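# Close look at the chain arrangement
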Amino acid sequence: MGLSDDLDVFVSDAMRGLAMSDDECRLLNTPFREVSFEVPLRRDDGSLHVFRGYRVQHDRARGPFKGGMRFHPGVDLDHFRAFATLMTYKTALVDVPFGGAKGGVACDPTSLSAAELERLVKGVTQRLDPIIGPDDDIPAPDMGTGPQEMAWMMDAYSDAHGYSPSVVTGKPLVLGGCPGRASATGTGVAVATERACAHIGLDLDGATVAIQGFGNVGAHAALQLRARGARIVAVSDVDDARRSAGGLDLDDVARAVREDPEGDPPTVAEAFGDAEPFDIGDLLTQDVDIVVPAAIGGVIDGDVGAALRCRLVVEGANNPTTPEGHAAMRDAGITAVPDILANAGGVTVSYFEWAGNRGGRPWSAAQVDEELEAVMVRAFDATADRAGEDGTDLRTAAFRIAVDRVRHAQALRGV
Ligand code: NAD
């Protein structure tokens, strides 16, 4: 099964639980708009390359479309369809007034010069111009894009429409970005973990944690979990896995992130070269209290789900769990905080950035921290309450709340 199929299982299950009519299901299951376009790029050597770009806008009943721009060779329309849908339910669950979208370009950005990348991003923005805008669809960084790409998108859009910082989020701070955006998803993962520990009676202070993926989400989650008393005992990235029963030393990572908050954190080999190496494939099944998948999708399937030895899984990555993995964890009594809840900190702070740009008054770091924590706590508690009322797990409860909110907004607006 693909990404879309896996997500369909969770969404359909929520729709059944809500006893939705066929018409309601059809409306929610059909994306509002799917765009596929060519992006010609004149390379530095004079040759012409034509890339394929996409944007899927899933639903806007609760507010403008919102979602990242991914630059990666492996993307296609089906990929963005699934991620756009996930965004609709993520924004609904944390109750920020956005819908869901996702897009990007099938390319390897690391093979392009900075000048080529700038031309490509500005070309993409021109193609998307009729369908994006501060009140219509607000792109953000995703895999292969970051603050610089958002600055180029804002510049190209502003050329045509006048100064428009709120057309994208995840901008550099000097161009209206929001303090704490880079760490927001990792911070949200830590807040969700803290809440989930209280929910299942696990003391986070001294709890052991294994984290798969040590990029933006994984590294910031590690630092924020350590700040809450947890012991990070195993981490991995695409090249390396390291562990230490006494807890990995995160001081170098903390220093690197402090010195360059918007930069990439050190790799696992750079940060933990002295710790014991182990097989990357064994990260998720370490004997720890908490596992945080924060890398790629589909990693907890039926087999891995049955082999897990933790009490709690907190999904920093998007779509890390297949329906079979979900069932295996449920059968084993493992609590899973689903992606649409656990990793919603990023889009929440994107909302603060957009709101600050529109109000002409940026949010302070202290305001961002306080409000992010409040949003995540509210969303977790609502999900846990619903799970208790319905006698179900957190994922099923989260999708029921989210689908219900979007359905309700659609019904009020009419077709
Ligand atoms: P990133 O590119 O900064 O980091 C990804 C990390 O995963 C890297 O350390 C990479 O080496 C590692 N990795 C890749 N393949 C791996 C594998 N097979 N095994 C172990 N590690 C592997 O990306 P990110 O922004 O941290 O995003 C991570 C995940 O979180 C993605 O699923 C993304 O969609 C999701 N997410 C990110 C955000 C955000 O704000 N950055 C928000 C919501 C969801």
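Residues numbered from 1 in each chain as written. Predicted model: local features only at pLDDT ≥ 70, side-chain atom pairs only at ≥ 80, totals over all residues. Heavy atoms only, no water.

### As for the side chain of T91
Worth spelling out the cut-off: In DSSP terms, a helix is any run of H or I states spanning at least four residues, a strand is any run of E spanning at least two, and both are numbered starting from the N terminus. Pairs of residues are marked as contacts when any of their non-hydrogen atoms sit within 4.5 Å.
Its place among the elements puts T91 in helix α3 (residues 77-94). Setting aside its immediate chain neighbours within four residues, T91 contacts R62, V96, F98, G99 and V347.

### Section: the pattern of salt bridges
Quick reminder of the rule: The salt bridge criterion pairs a side-chain nitrogen of Lys or Arg with a carboxyl oxygen of Asp or Glu, the two atoms within 4 Å. A simple rule labels every residue: compare its accessible area, found with a 1.4 Å probe on the protein chains alone, to the largest value its type can have, and call it buried under 20%, exposed over 50%, or partly exposed in between.
Following the criterion strictly, the structure yields 28 salt bridges and no others. Between R407 and E24 there is a salt bridge; the shortest N-O distance is 3.3 Å. Linking R407 in helix α15 (residues 394-413) with E24 in helix α2 (residues 22-29), this pair joins segments that are 383 residues apart in sequence. On the basis of relative accessibility, which here comes to 18%, the residue R407 falls in the buried class. Among the ionic contacts, a cluster of salt bridges with common partners joins E24, D404 and R407.

### Section: the sheet that holds strand β3 (residues 65-71)
Let me state the cut-off plainly: The criterion for strand pairing is that DSSP finds at least two bridges linking the strands in question. Each axis is a line fitted through C-alpha atoms, and for a helix only the stretch in contact is used; angles between axes span 0 to 180 degrees, taken between their N-to-C directions.
Spatially, the 5 strands line up as an open sheet ordered β1-β2-β4-β3-β5, and their pairing is mixed. A single partner strand is all that each edge strand has here, and the edge strands are β1 (33-42) and β5 (137-141). Taking each pair of neighbouring strands and ignoring which way they run, the sheet shows an average axis angle of 20 degrees.

### Re the domain arrangement of the protein chain
Spelled out, the test is: Delimitation of the domains relies on an automatic or database domain assignment. The buried area of a pairing is the accessible area, by a 1.4 Å probe, that goes missing from both parts when the two are put together, added over both.
Annotation of the protein chain at the domain level lists domain 1 (31-163) and domain 2 (184-342). Relative to domain 2, the C-alpha centre of domain 1 lies at a distance of 28 Å. With 6 residues of domain 1 at the contact, the number on the domain 2 side is 6 residues. Between domain 1 and domain 2, the buried area comes to about 670 Å², and carbon and sulfur atoms account for 65% of it. A per-residue breakdown of the area domain 1 buries against domain 2 is headed by L86, K90 and L93, which together make up 56% of the total.

### Some details on the sheet that holds strand β8 (residues 241-243)
If you walk across this open sheet you meet the 7 strands as β9-β8-β7-β6-β10-β11-β12, and the pairing is mixed. Strands with a single pairing partner mark the edges of an open sheet, and in this sheet they are β9 (276-277) and β12 (335-337). Where helix α6 (residues 181-200) meets the sheet, it contacts β10 (290-293), β11 (312-314) and β12, and its direction lies at approximately 155 degrees from that of β11.

### Some details on the environment of G67
Here G67 lies in strand β3. Note: C-alpha distance between G67 and K102 (35 residues apart in sequence) is 4.7 Å.

### As for the nonpolar core
The criterion, for reference: Note on terminology: a nonpolar core comprises buried Ala, Val, Leu, Ile, Met, Phe, Trp, Tyr and Cys residues joined through side-chain atoms within 4.5 Å.
By size, the foremost hydrophobic cluster in this structure holds 81 residues, and its most contacted members are Y89, F272, I290 and V337. Per element, the largest residue contribution to this core is 9 residues, and it comes from helix α14 (residues 365-390). Residues in contact with I290, not counting those within four places in the same chain, are T193, C197, L202, L204, A207, T208, V209, A210, C310, L312 and V314. If you look at the next biggest cluster of nonpolar residues, it comprises 23 residues, including F37, F71, L117 and Y157.

### Quick look at the packing of α6 against helix α13 (residues 345-359)
To keep it simple, the criterion reads: Orientation categories follow fixed angle ranges, with anything under 35 degrees roughly parallel, anything over 145 roughly antiparallel, 65 to 115 roughly perpendicular, and all other angles oblique. Crossings are classed by handedness, with left-handed meaning an anticlockwise turn of the near helix from the far one by less than a right angle and right-handed meaning a clockwise turn. Three classes are used, and their members are as follows: Ala, Val, Leu, Ile, Met, Phe, Trp, Tyr, Cys and Pro are nonpolar, Asp, Glu, Lys and Arg are charged, and the others, Gly among them, are polar.
In the contact formed by α6 and α13, the axes pass within 7 Å of each other and the chain directions differ by 140 degrees. For the element pair α6 / α13, the angle class is oblique. Relative to α13, the crossing made by α6 is right-handed. In this structure, α6 uses R181, A184, T185 and G188 to contact α13, whose residues at the interface are G345, G346, V349, S350 and E353. Broken down by class, the residue content of the contact of α6 with α13 amounts to 2 nonpolar, 5 polar and 2 charged.

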